[in-house]
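Reading the structure
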Amino acid sequence: MLIRQKPEIRLRYWLVGWLLVLVHAGIFMLQSLILVLLEERVSQANHLAAHDELTGLPNRRLYAERFEEVLSRASRDGCGFGFLVIDLDRFKLVNDTFGH
């Protein structure tokens, strides 16, 4: 026996079904947006941890990481590498003027 529903009730079920689909899609989009923002924040934090805030140049931490990488690669491959050190005279004045 087939039970017929009123058109208003069918429309209501149809609207509720689509509303659930749209809410689910909205939640998925919100989760995706949160993940993208979180990845950007992590990337920014990693950059700040490895670079000087004032100049934007790599800091000692990044230098040490890269030096270890090059040293281990040279040791593994049996090849040499070059190393350049630059010493700036009177750089303390720059640090004192613009911050550390």
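Whatever comes next refers back to the structure up there.
A short tour of the structure in this document, coming up. Bear in mind the structure is a predicted one, so any value in this text is a computation, not a measurement.

Criteria and thresholds
Residues numbered from 1 in each chain as written. Predicted model: local features only at pLDDT ≥ 70, side-chain atom pairs only at ≥ 80, totals over all residues. Heavy atoms only, no water. Helix = DSSP H or I, 4+ residues; strand = E, 2+ residues; numbered from the N terminus. Rg over C-alpha atoms; globule rule 2.2 N^0.38 Å. Areas by Shrake-Rupley, 256 points an atom, 1.4 Å probe, with all protein chains shown as cover. Salt bridge = Lys/Arg side-chain N within 4 Å of Asp/Glu carboxyl O. Buried < 20%, exposed > 50% of the residue type's maximum accessible area, 1.4 Å probe, protein only.

Along the chain, the regular secondary structure elements total three helices and zero strands. Starting at the N terminus and walking to the C terminus, you meet the elements of the chain as α-α-α. Scaling as 2.2 N^0.38, a compact globule of 100 residues should have a C-alpha radius of gyration of about 13 Å, whereas the chain reaches 30 Å, well beyond that. Summarising its shape, the C-alpha atoms of the chain cover approximately 95 × 45 × 10 Å along the three principal directions. Here the chain has roughly 9800 Å² of accessible surface; of this, 64% comes from carbon and sulfur atoms.

Relative to the helices and strands, Leu19 resides in helix 1 (residues 7-50). It is 24 Å that separates the C-alpha atoms of Leu19 and Leu35, two residues lying 16 residues apart in sequence.

Evaluated as defined, the whole model comprises two salt bridges. Note that Glu65 and Arg61 form a salt bridge whose closest N and O atoms lie 3.5 Å from each other. Placement of the pair is Glu65 and Arg61 together in helix 2 (residues 60-77), with a separation of four residues, close to one helical turn. For Arg61, a relative accessible area of 43% translates into the label partly exposed. Across the salt bridge formed by Asp77 and Arg76, the nearest N and O atoms sit 3.3 Å from each other. In this structure Arg76 comes out as exposed when scored by relative accessible area, which is 62%.

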